[in-house]
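# Architecture at a glance
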Amino acid sequence: MRVLIVEDHVELAETVATGLRREGMAVDLAFDGDQALERGAVHDYDVIVLDRDLPKVHGDDVCRAIVASGARARVLMLTAAVTIEDRVGGLGIGADDYLPKPFAFAELIARIRALARRAQPAVPPVLTRGDIWLDPGKRVASRAGRRLDLSPKELAVLELLLDADGRVVSAETLLERAWDEAADPFSNTVKVTISRLRRKLGDPPVIETVVGAGYRIP
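This write-up is about the structure you can find in this document. (Residues numbered from 1 in each chain as written. Predicted model: local features only at pLDDT ≥ 70, side-chain atom pairs only at ≥ 80, totals over all residues. Heavy atoms only, no water.)

Glancing now at the pairing of strand β3 (residues 47–51). Taking burial as the measure, the 5 residues of β3 include 5 buried ones, the bulk of the element. Alternating residues of β3 divide into Val47, Val49 and Asp51 and Ile48 and Leu50, and every residue in both groups is buried. By the bridge criterion, 4 bridges tie strand β1 (residues 2–6) to β3 in an arrangement that is parallel. Residue pairing for β3: Ile5 is matched across the bridge by Val49. As paired strands, β3 and strand β4 (residues 74–79) are joined by 5 bridges and run parallel to one another. Within the sheet, the bridge partner assigned to Val47 lies in β4 and is Arg74. Each parallel crossover has a hand, and for β3 linked through helix α3 (residues 59–69) to β4 it is right-handed. (Buried < 20%, exposed > 50% of the residue type's maximum accessible area, 1.4 Å probe, protein only. Helix = DSSP H or I, 4+ residues; strand = E, 2+ residues; numbered from the N terminus. Pairing = 2+ DSSP bridges. Right-handed = clockwise from strand over helix to strand, strands pointing away.)

As structure tokens, then:
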């Protein structure tokens, strides 16, 4: 899952990003409305966590632009305001959910995962294919009843392959959705992660390489 955090309080943004990365998410940061619009135009985010009171371009205008662009990203709006009118206003301009500050980190994670499941098409809470089972929310995976000891990136790649339901997923898509913008697009990161994931999944092999196209679990 790839998430964009838009928050002008740098320390808070970095703290939230660190916590989400520990949950296996790929996280980018933007510290004002201009940066948010630039990143949203380049990357295909699952969820955008958007502070409403932003410099340069107000959060409301950022939200309107995201909705108008037709992006698949779901918007979770953050604000220090707590009145019902503020909440209704945020939802009225296209935000998918609303979370007042201060917030509990566990609730933020739960809301982000819930919004990601509402993507188009909707992502089921548990993914299965053959004898492979994955619960993205609990970050638990197994094969034939054997629990798999997977790293956050291996879990993210497995989730994308299972969610594809047998379709081929390109290396570019895996890099875009499972890593953040700090990843080197010319590295062999995806290939190495796939190799490790194959080894941990064991025999018989289930991840198929489609030459010139990508990977799939048929």
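Attention shifts here to the side chain of Arg2. Structurally, Arg2 can be placed in strand β1. For Arg2, a relative accessible area of 2% puts it in the buried group. A distance of 3.4 Å separates a polar atom in the side chain of Arg2 from the backbone oxygen of Trp179. Contact partners of Arg2, with chain neighbours within four places excluded, come to Ala26, Asp28, His43, Tyr45, Asp46, Val47, Leu175, Glu176, Arg177, Trp179, Asp180 and Glu181. (Polar contact = N/O pair within 3.5 Å; in protein donor to acceptor, adjacent residues only side chain to side chain. Contact = heavy atoms within 4.5 Å.)

Nonpolar side chains tend toward joint burial in soluble globular proteins. Counting residues in each nonpolar core, the largest one holds 27 residues, and the members touching the most others are Val157, Leu158, Leu161, Leu174, Ile194, Ile207 and Ile217. Sorting elements by how many residues they give to this core places helix α6 (residues 152–163) first, with 7 residues. For Val157, the residues in contact, after removing those within four places along its chain, are Leu174, Ala178, Trp179, Thr193, Ile194 and Leu197. (Core = buried A, V, L, I, M, F, W, Y, C linked by side-chain atoms within 4.5 Å.)

Turning next to unusual backbone geometry. Most peptide bonds take the trans form, and the phi angle of most residues other than glycine is negative. The omega torsion across Lys101 and Pro102 is -5°, close enough to zero to call that bond cis. Positive phi is not limited to glycine here, since Lys56 has a value of about 70°. Turning to its location among the elements, Lys56 is positioned in the loop between β3 and α3. Under the relative-accessibility criterion, Lys56 is labelled exposed at 69%.

Attention shifts here to the sheet that holds strand β5 (residues 97–100). Paired through backbone hydrogen bonds, the strands of a sheet run either parallel or antiparallel to each other. Strand order in the open sheet formed by 5 strands is β2-β1-β3-β4-β5, with parallel pairing between adjacent strands. Each of the sheet's edge strands pairs with one partner strand only, and the pair in question is β2 (26–30) and β5. Across the sheet, the axes of successive neighbouring strands diverge by a mean angle of 20°, strand direction being ignored. Its contacts with the sheet place helix α2 (residues 33–42) against β1 and β2, and it is angled at close to 140° to β2. (Axes fitted to C-alpha atoms, helices over the stretch in contact; angles between N-to-C directions.)

Further remarks concern the sheet that holds strand β6 (residues 127–129). The antiparallel open sheet is built from 4 strands, whose spatial order is β6-β7-β8-β9. A strand with exactly one partner marks an edge of an open sheet, and here the two such strands are β6 and β9 (146–147). Pairing analysis gives 2 bridges linking strand β8 (residues 140–143) to β9, with the strands arranged antiparallel. In the sheet register, Ser142 faces β9, and the bridge partner there is Arg147. Contacting β6, β7 (132–135) and β8, α6 runs over the sheet at an angle of about 115° to β7.

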